[in-house]
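Examining the three-dimensional arrangement
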Amino acid sequence: MTDQPILRSRAIVPVTPRESLDAELLRAKALAVAGDLLPRQYRDRPGALLLIDQWAQARNIDTLTAIQTVSFIDGKPIVDATMQRALAKRAGYRVRVVEATDRQATVVVTEGGEELGRETFTMADAQRMGLAGKDNWKKNPRNMLVARATTNAIRWHAPEVLAGIGSTADDDDDIDVEPIPAVTPIAEAEAEAEPEAITDADVVDDRETLL
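Residues numbered from 1 in each chain as written. Predicted model: local features only at pLDDT ≥ 70, side-chain atom pairs only at ≥ 80, totals over all residues. Heavy atoms only, no water.

Focus on the environment of lysine 138
- Of note, lysine 138 is situated in helix H6 (residues 135-139).
- Those residues within four positions of lysine 138 in sequence are excluded, and the remaining contacts are Ala132 and Gly133. (Helix = DSSP H or I, 4+ residues; strand = E, 2+ residues; numbered from the N terminus. Contact = heavy atoms within 4.5 Å.)

What follows is the structure, encoded as structure tokens:
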């Protein structure tokens, strides 16, 4: 009997979960040495990068955007106000900053053109909570107020958006502040067309407010 060659193609060999994990970890290790290109909490920490990649995949978010807008503190994802607004928008809500000063900020949540509610956060609130004396609040009071008002508005009026997401991280001096968006009148905001994709969320290199 003539021996017949056995043809094997690597392309059809299934990748086992262990092989997949090894490949992902190798990729995370390569990213971890990117230095200043990464936010501080992910530098030289492949495990953290692997975790954020899994978090992003579960929510259909590109990993780069997640790296720039999400941090893990005590095992909980802390999402900055930029990503919070993007997540709310994808869920069908409109989250708009309608007032932003160094003394107070107001954020409105709407759905289908109907206002669900609004939340205002003031420096008096920050002082009462022991936040106003922190370095972040002294340097960027307007941004910090907007971030707090954003988180409160979404938690109160669109709570499912932040389900499973950690609370604030005002006491983390290593987290840098995001630039706040321009204040948009409600009438103009509701006239806007199609919601933008989650990957269109503003990406910032450093964050101080992950609310």
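A few points about the sheet that holds strand E5 (residues 114-122)
- Sheet architecture is open: 3 strands sit in the order E3-E4-E5, paired in antiparallel fashion. Each having just a single partner strand, strand E3 (93-100) and E5 make up the two edges of the open sheet. Each strand of the sheet is rotated relative to its neighbour by a mean of 20°, with strand direction disregarded.
- Pairing of strand E4 (residues 104-111) with E5 involves 8 bridges; the strand directions are antiparallel. When the bridges of E5 are listed, valine 107 appears paired with glutamate 119.
- On top of the sheet, helix H7 (residues 141-157) reaches E3, E4 and E5; it is set at about 140° to E5, its chief contact. (Pairing = 2+ DSSP bridges. Axes fitted to C-alpha atoms, helices over the stretch in contact; angles between N-to-C directions.)

A short note on helix H2 (residues 46-58)
- Spanning 13 residues, H2 covers 18 Å between terminal C-alpha atoms, matching the ideal 18 Å at 1.5 Å per step.
- For H2, the full list of buried residues reads Ala48, Leu49, Leu50, Ile52, Asp53, Trp55 and Ala56.
- Looking one or two residues past H2, asparagine 60 carries a phi angle of roughly 55°, positive in sign. (Expected span 1.5 Å × (residues − 1). Buried < 20%, exposed > 50% of the residue type's maximum accessible area, 1.4 Å probe, protein only.)

Some words on helix H4 (residues 81-90)
- Where burial is concerned, most of H4 is hidden: 9 out of the 10 residues are buried.
- Sitting at the head of H4, aspartate 80 places a side-chain oxygen 3.1 Å from the backbone nitrogen of threonine 82.
- One or two positions beyond H4, positive phi appears at glycine 92, with a value near 100°. (Polar contact = N/O pair within 3.5 Å; in protein donor to acceptor, adjacent residues only side chain to side chain.)

Topic: the packing of aromatic side chains
- A full pass over the atoms with the stated rule returns 1 aromatic pair.
- Relative to tryptophan 137, the ring of phenylalanine 121 has its centre 6.1 Å away and its plane inclined at 45°; by these criteria the two rings are tilted. With phenylalanine 121 in strand E5 and tryptophan 137 in helix H6, this residue pair connects regions lying 16 residues apart in the sequence. (Phe/Tyr/Trp six-rings, centres within 6.5 Å; stacked < 30°, edge-to-face > 60°.)

Structural notes on the nonpolar core
- With 42 residues, the main nonpolar core has Leu49, Ile52, Trp137 and Val161 as its most contacted residues.
- Every element with two or more residues in this core is listed here: helix H1 (17-32), H2, helix H3 (63-69), H4, E3, E4, helix H5 (123-128) and H7. (Core = buried A, V, L, I, M, F, W, Y, C linked by side-chain atoms within 4.5 Å.)

A closer look at the packing of H4 against H7
- Put simply, H4 and H7 touch, their axes get as near as 9 Å, and they point 30° apart. Considered as vectors, H4 and H7 are oriented roughly parallel to each other. The two elements H4 and H7 meet at a crossing, and its hand is left-handed. Within the contact between the two elements, H4 uses Ala81, Gln84, Arg85 and Ala88 and H7 uses Val146, Ala147, Thr150, Thr151 and Ile154.
- Taken together, the residues that form the contact of H4 with H7 break down as 5 nonpolar, 3 polar and 1 charged. (Parallel < 35°, antiparallel > 145°, perpendicular 65-115°, else oblique. Left-handed = near helix turned anticlockwise from the far one by under 90°. Nonpolar A, V, L, I, M, F, W, Y, C, P; charged D, E, K, R; others polar.)

Considerations on the confidence of the model for the chain
- Mean pLDDT for the chain: 76, with 69% of residues reaching 70 or above.
- Across residues 5-13 the pLDDT falls below 50, and counting only partners more than four positions away or on other chains, this stretch makes 0 contacts in the model. (pLDDT = per-residue confidence, 0-100.)

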